[in-house]
Amino acid sequence: MSDELSENEDLQRKYIEAIASYLQEIGYKAKIEQDYIIRSAAGGYTVIVAPKIDIALPLSGNIQFHCGVSKEGTNIGLEDVNSYNRRLRFCKMFFDEDNDIAVQSDFFFDAFAEDAARRLESMMLIVETSVNELRQTMAASVRENDSGKG
């Protein structure tokens, strides 16, 4: 059992290292954290990349991108969240347990595939777009908040 556990951890580590390497190859930061996540950035915000490989089905890994920002200073409400979610298909905005704003995307991903770097680059384009949309939503919320103060 111990050998199987270390094999699984070794495969997970290789999977994460491959993704971090691809991120750097396509121009992104990629710092592997101890808890099997990668800290990166997109659109000026920190993005947590959480890759996971299914040991039972090694070619069916997945990857999650998560960006959380403070809601402080904004007037973002449920209507803004729903509007964002209607506009973006591969990313969802929600309020986290601290009532801050989070955007998240999930994809199936095989880090060992021949075209993995190209596919990851496409995913990062979606993440960049979603983070930029988040920035615009926040900016519009601040403008609306400021215009209501007069």
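Everything here concerns the structure above.
About the criteria used
- Residues numbered from 1 in each chain as written.
- Predicted model: local features only at pLDDT ≥ 70, side-chain atom pairs only at ≥ 80, totals over all residues.
- Heavy atoms only, no water.
- Pairing = 2+ DSSP bridges.
- Helix = DSSP H or I, 4+ residues; strand = E, 2+ residues; numbered from the N terminus.
- Salt bridge = Lys/Arg side-chain N within 4 Å of Asp/Glu carboxyl O.
- Buried < 20%, exposed > 50% of the residue type's maximum accessible area, 1.4 Å probe, protein only.
- Phe/Tyr/Trp six-rings, centres within 6.5 Å; stacked < 30°, edge-to-face > 60°.

K.L.:
When you look at the pairing of strand 3 (residues 45–52) in this model, what are you seeing that I'm missing?
P.N.:
Each regular strand carries side chains that alternate between the two faces of the sheet. Note: strand 2 (residues 38–42) against strand 3, five bridges, orientation antiparallel. From the neighbouring strand, Ile38 faces strand 3, where its bridge partner is Val49. Counting the residues in the hairpin turn of strand 2 and strand 3 gives two residues, including Gly43, whose phi is positive at 60°.

K.L.:
What am I meant to see in the pattern of salt bridges here?
P.N.:
Side chains that carry opposite charge are capable of pairing whenever their charged atoms lie near each other. One pass over the structure, following the stated rule, counts seven salt bridges. Glu17 is paired through a salt bridge with Arg13; the nearest N and O atoms lie 3.2 Å apart. Residue Glu17 and its partner Arg13 are both found in helix 1 (residues 2–25); the two are separated by four residues, about one turn of the helix. In this structure Arg13 comes out as partly exposed when scored by relative accessible area, which is 36%. With its nearest N and O atoms 3.6 Å apart, the salt bridge here joins Glu33 to Lys31. Relative accessible area serves as the criterion here: at 51%, Lys31 is assigned to the exposed category. Here the salt bridges share partners, and the residues they tie into one network are Asp10, Arg13, Lys14 and Glu17.

K.L.:
I tried to follow the packing of aromatic side chains on my own but got confused; where do I start?
P.N.:
The way to describe two aromatic rings as a pair is by their centre distance and the angle between their planes. What the rule picks out here adds up to two aromatic pairs. Aromatic side chains Tyr15 and Phe112 sit 5.7 Å apart centroid to centroid with 70° between the ring planes, which places their arrangement in the edge-to-face category. In this pair, Tyr15 is assigned in helix 1 and Phe112 in the loop between strand 6 (101–108) and helix 3 (116–147), connecting sequence segments 97 residues apart. Classification of Tyr15 by relative accessible area gives buried; the value is 0%. Accessibility expressed as a relative area gives 39% for Phe112, which makes it partly exposed. Plain terms: the ring middles of Phe65 and Phe107 are 6.0 Å apart, the flat faces sit at 70° to each other, and that makes the pair edge-to-face.

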